[in-house]
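As a plain string of letters, each chain reads:
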Amino acid sequence: MPGLEDLYREIILDHYRNPRNRGELETPPATRTEGFNPLCGDEIVVYLDLDDAGVIEDIRIGGTGCSISQSSASMMSAAVKGKTVAEVEALTHAFKAMMSIHESSLDAEGESGEDLPTELPEGVKLGDLEALRGVVKFPVRIKCATLAWNTLAEGITEATDA
Amino acid sequence: MSAASTTEPVAGFDVAKVKADFPLLQQEIKGRPIRFLDSAASSQKPQVVIDAMTTYYETINANVHRGVYAIAEAATNALEASRVRVGRFIGAPNPETEVIFTKNATESLNLVAQSWGRANLGPGDAVLLTQLEHHANIVPWFQLQAEKGFEIRWIPLTDDAQLDLTDIDTLLDGAKILALTAMSNVTGTLTPITELTRKAHDAGALVCLDACQYVPHLTTDLAAMGVDFAAFSGHKMLGPTGIGVLWGREELLDAMPTFLGGGGMILNVTLDGFMPAALPAKFEAGTPPIAEIIGLHAAVDYLDALGMDAVREHEVSITAYAMRSLTERFGDALTIHGPAEPAMRGGVLSLAMEGIHPHDLSQVLDEHAVCVRPGHHCAKPLMKVLGVGATARASFYVYNDTDDVDALADALADAQSFFTF
């Protein structure tokens, strides 16, 4: 049976206590995207500054949520800063694959009913984000972990359409 | 374990005996006895309710209101007996015609909005709600507003989440209906129904009561309250899911247009149209949830055997015990939203533990087999007023005892030490 220590790894609690890239960016030039978890009421705001070459120049996180959603957002912000949109998409895919082992339907591109491979695509490193692997043992919390990522994806679409 | 606990008397009835009637509560989760503190979401079911439904399926399962054979007649009789029984339980003057069976309270409230509201509301009218409302008593009015263009107003709250009636006369001026909860599912706030109904009627407005959290926990006399509609669900009052009730005044229900169309709700159908059936069939399209209606009858019998005054006494007592013991143990680190006086509220405690998100709190509580609910409880406008995104909600019912409260307190202490940095 999974224990709390599987879920609340030290690195997660660290990001929860000391969230990285917390704050706001001026809009425009940045975009502001809100994400909601309708189940628990968590709200997240992603401020995104994309440069002309499609590189995430800056990112800030606002909103409120539980330790899982907040730490996931914090780790995400650190992981995607300075990356190209293509790199971020690969990372997002890898993160969702990790989250979706027991719930592949969360991944829009995943084949329904099939477990996704746990191995990462070449060149993609999850780093600190690996700490969130334990969340899949608590299926109810997967949506907490993916909230920031879904909001980021929306934000990128907004920023690139703009 | 806290030492205070088990000898503390709880008024009302023998809770241990009651608990023994609920098979689900006999089990252990993660090696600990289950502490079910989420009855505001859905209650557990006593064996008699489960048995009543099983017996129906095993002995008289047949569609109602049509067959002439013996078991079809028995099923119809059982359904109609439940209608009358439920009606008596809530003080309905004419249970045979005024008790409408629906899927749940949400459908009941939608019926009022879509049928009465569609026929009676338009530009220049107002619907008055309160900031305590559940989404089920908000969204149906918004849906209709988009079509009919009336105004929606809100009765604000005081700091302890009671209705602030300072401007009630102004708010009621021009309102055609006041739709409000009898008891908040978040803060346990009991609203002054009789007083508000009198004021609403004086102002020419009807009153639609969301009685979901009230009917299961307090003696309900709708005729004495004076309201015009009332909605509640079976599954929050020891009955099964899938059965709800709308009660309405006969003359209002009679005048209202039909809601869902189909079999059972018609008097006649031709190639040119249909004529609706008389009450209550008029609002009961399709095969009803027969087993669930019979299960609800058994639930009402069970509650009446305990006595609703005793049920209320027990809940005030356990709520007072919980508020006192939690406050003593956690002090300012724990906020309990809503009225401070247990007699002013139902057995619903929305908790906020300093520095711990409700979702995380509930996760730790789950390790202790303590079942509470984190989230916005389908009352996002109220969450905004309370200044929080979510709460962890513990709610009590007839089978909860002080051991359950003590287990909650111990689990909260564990969460506190786990998340204290």
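Here's what I pulled together on the structure shown here.

Quick notes on the rules
Residues numbered from 1 in each chain as written. Chains lettered and ligands numbered in written order. Predicted model: local features only at pLDDT ≥ 70, side-chain atom pairs only at ≥ 80, totals over all residues. Heavy atoms only, no water. Helix = DSSP H or I, 4+ residues; strand = E, 2+ residues; numbered from the N terminus. Buried < 20%, exposed > 50% of the residue type's maximum accessible area, 1.4 Å probe, protein only. Contact = heavy atoms within 4.5 Å. Areas by Shrake-Rupley, 256 points an atom, 1.4 Å probe, with all protein chains shown as cover. Axes fitted to C-alpha atoms, helices over the stretch in contact; angles between N-to-C directions. Parallel < 35°, antiparallel > 145°, perpendicular 65-115°, else oblique. Left-handed = near helix turned anticlockwise from the far one by under 90°. Nonpolar A, V, L, I, M, F, W, Y, C, P; charged D, E, K, R; others polar. Core = buried A, V, L, I, M, F, W, Y, C linked by side-chain atoms within 4.5 Å. Lys, Arg positive; Asp, Glu negative; His and termini not counted. Salt bridge = Lys/Arg side-chain N within 4 Å of Asp/Glu carboxyl O. Polar contact = N/O pair within 3.5 Å; in protein donor to acceptor, adjacent residues only side chain to side chain. Phe/Tyr/Trp six-rings, centres within 6.5 Å; stacked < 30°, edge-to-face > 60°. Buried area = accessible area lost by both parts, 1.4 Å probe.

## A look at the overall build of chain A
Per the secondary structure count, chain A includes five helices and three strands. Of the regular secondary structure in chain A, the N- to C-terminal order runs α-α-β-β-β-α-α-α. Classification of the 162 residues of chain A by burial places 52% in the buried group. Excluding contacts between residues fewer than 6 apart, the proportion of contacts in chain A whose partners are at least 24 apart in sequence is 65%. Only carbon and sulfur atoms are counted for the fraction: they give 49% of the accessible area of chain A, which is about 7700 Å².

## Focus on the packing of helix H13 (residues 358-367) of chain B against helix H15 (residues 402-419) of chain B
How two helices pack is summed up by the angle between their axes together with the distance between the axes. Residues and elements named next belong to chain B. Where H13 contacts H15, the axes come no closer than 9 Å and their chain directions differ by 120°. Relative to H15, the element H13 lies oblique. The hand of the H13/H15 crossing is right-handed. Contact residues: H13 offers Asp360, Leu361, Val364 and Leu365, while H15 offers Leu408, Ala411, Leu412, Asp414, Ala415 and Phe419. Among the residues making up the contact of H13 with H15, the classes are represented as eight nonpolar, no polar and two charged.

## Remarks on the nonpolar core
Side chains of a nonpolar character, in soluble globular proteins, are inclined to be buried together. Ranked by size, the top nonpolar core spans 82 residues in total, and within it Leu209, Met237, Leu238, Val398 and Tyr399 of chain B carry the most contacts. Element by element, the count of residues in this core is highest for helix H11 (residues 290-306) of chain B, at eleven residues. Ignoring any residue separated from it by four or fewer positions in sequence, one finds Leu238 of chain B in contact with Phe22, Ser43, Gln44, Lys45, Pro46, Val49, Ala299, Tyr302, Leu303, Tyr397, Val398 and Tyr399 of chain B. Counting residues in hydrophobic clusters, the runner-up holds 72 residues, among them Met98 and Leu147 of chain A together with Ile336 and Ala409 of chain B.

## Section: the side chain of Lys236 of chain B
Residues and elements named next belong to chain B. Locating Lys236 in the fold gives a position in the loop between strand E9 (229-233) and strand E10 (244-248). One buried charged residue, Lys236, remains without a salt bridge, the closest side chain of opposite sign being Asp38 at 8.2 Å. For Lys236, the side chain forms a polar contact with the main-chain oxygen of Ala41, separated by 2.9 Å. Sequence-distant contacts of Lys236, that is, excluding residues within four places in its chain, are made with Ser39, Ala40, Ala41, Ser43, Cys212, Gln213, Pro216 and Tyr397.

## Remarks on the packing of aromatic side chains
With the rule as written, the count across this model stands at nine aromatic pairs over all chains. Centre to centre, the rings of Tyr8 of chain A and Phe419 of chain B are 4.9 Å apart; their planes meet at 80°, and the pair counts as edge-to-face. You can see Tyr8 of chain A sitting in the loop between helix H1 (4-7) and helix H2 (10-17) and its partner Phe419 of chain B sitting in helix H15, one on each of two chains. Residue classification places Tyr8 of chain A among the buried residues on the basis of a relative accessible area of 4%. Consider the rings of Phe418 of chain B and Phe419 of chain B, whose centres lie 5.2 Å apart with planes at 65°: the pair is edge-to-face. By relative accessible area, which is 3% here, Phe419 of chain B ends up buried.

## Examining the interface of chain B and chain A
Often the size quoted for an interface is simply the accessible area lost on bringing the parts together. At the junction of the two partners, chain B supplies 16 residues and chain A supplies 23 residues. Roughly 1600 Å² is buried in total at the junction of chain B and chain A, and carbon and sulfur atoms are behind 61% of that figure. Summed over the shared surface of chain B and chain A, the result is two salt bridges. Close ionic contact of Arg141 of chain A with Asp360 of chain B constitutes a salt bridge, the shortest N to O distance being 2.9 Å.

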